[in-house]
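Descriptive analysis of the structure
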Amino acid sequence: MVTLYQALQLILQIMWFIMIVHIIMSWLINFQVLNLRQPLVAQIWDGLNRLLEPIYQPIRNILPNTGGLDLAPLVVFVIIIIARSALANNAGFFYGT
């Protein structure tokens, strides 16, 4: 059970990191620091979008339209924080104490 706990924590940490990279990269693209015409930047951006769109899209369908402001990443961050807290608070279950 400890392995399951550690795997879930690792998945949540990786997801957190990927989302942070995606958000920072979107800012850099919008402020024209990065250019999507560069092949490496375009490949990384496409890969991140392919990873995160299946997570963001159901949340975007539920949230009201806010124009240019995308609140889906914020909602996912809150869900990750809640999941990590729930795992940490129930760690005794995984450790068998």
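An account of the accompanying structure is given in this report. (Residues numbered from 1 in each chain as written. Predicted model: local features only at pLDDT ≥ 70, side-chain atom pairs only at ≥ 80, totals over all residues. Heavy atoms only, no water.)

Here the focus is the overall build of the protein chain. Across its full length, the protein chain holds four helices and zero strands. When the elements of the protein chain are put in sequence order from the N terminus, they spell out α-α-α-α. Computed over C-alpha atoms, the radius of gyration of the protein chain comes to 17 Å, more than 25% over the 13 Å expected from 2.2 N^0.38 for 97 residues, which places it beyond the range of a compact globule. Each principal axis of the C-alpha atoms in the protein chain carries an extent, and together these give about 55 × 35 × 20 Å. Counting every position in the protein chain, which comprises 97 residues, the buried fraction comes to 25%. Taking the intrachain contacts of the protein chain between residues at least 6 apart in sequence as the baseline, contacts between residues at least 24 apart amount to 60%. Of the roughly 6900 Å² of accessible surface on the protein chain, 68% is carried by carbon and sulfur atoms. (Helix = DSSP H or I, 4+ residues; strand = E, 2+ residues; numbered from the N terminus. Rg over C-alpha atoms; globule rule 2.2 N^0.38 Å. Buried < 20%, exposed > 50% of the residue type's maximum accessible area, 1.4 Å probe, protein only. Contact = heavy atoms within 4.5 Å. Areas by Shrake-Rupley, 256 points an atom, 1.4 Å probe, with all protein chains shown as cover.)

Here we take up the pattern of salt bridges. One pass over the structure, following the stated rule, counts three salt bridges. Put simply, Glu53 and Arg60 hold a salt bridge, and the shortest N to O gap is 2.8 Å. Exposure remark for Arg60: the relative accessible area of 27% places this residue in the partly exposed category. Residue Asp70 pairs with Arg60 through a salt bridge whose shortest N-O separation is 2.6 Å. With Asp70 in the loop between α2 (39-62) and α3 (72-89) and Arg60 in helix α2, this residue pair connects regions lying 10 residues apart in the sequence. Each of the salt bridges in this network shares a partner with another, and the network as a whole consists of Glu53, Arg60 and Asp70. (Salt bridge = Lys/Arg side-chain N within 4 Å of Asp/Glu carboxyl O.)

Attention now moves to α2. For the α-helix, the turn length of 3.6 residues means that residues three or four positions removed from each other point alike. Between the first and last C-alpha of α2 there are 34 Å, a value that for 24 residues agrees with the 34 Å anticipated at 1.5 Å per step. Every buried residue belonging to α2 is among Val41, Trp45, Leu48, Asn49, Leu52, Tyr56 and Ile59, and all of these are buried. Considering only its buried residues, α2 is in contact with α1 (2-30) and α3. (Expected span 1.5 Å × (residues − 1).)

Bringing α3 into the picture now. Between its terminal C-alpha atoms α3 stretches 26 Å, which fits the 26 Å expected from 18 residues at 1.5 Å a residue. Residues Ala72, Pro73, Val76, Phe77, Ile80 and Leu87 constitute the buried set of α3. End-on view of α3: buried residues confined to an arc of 135 degrees, all on one side of the axis. Opposite the buried face of α3, by more than 90 degrees, sit the exposed residues Leu74, Ile82 and Asn89. Buried residues along α3 sit against α1, α2 and α4 (91-95). (Arc of directions from axis to C-beta.)

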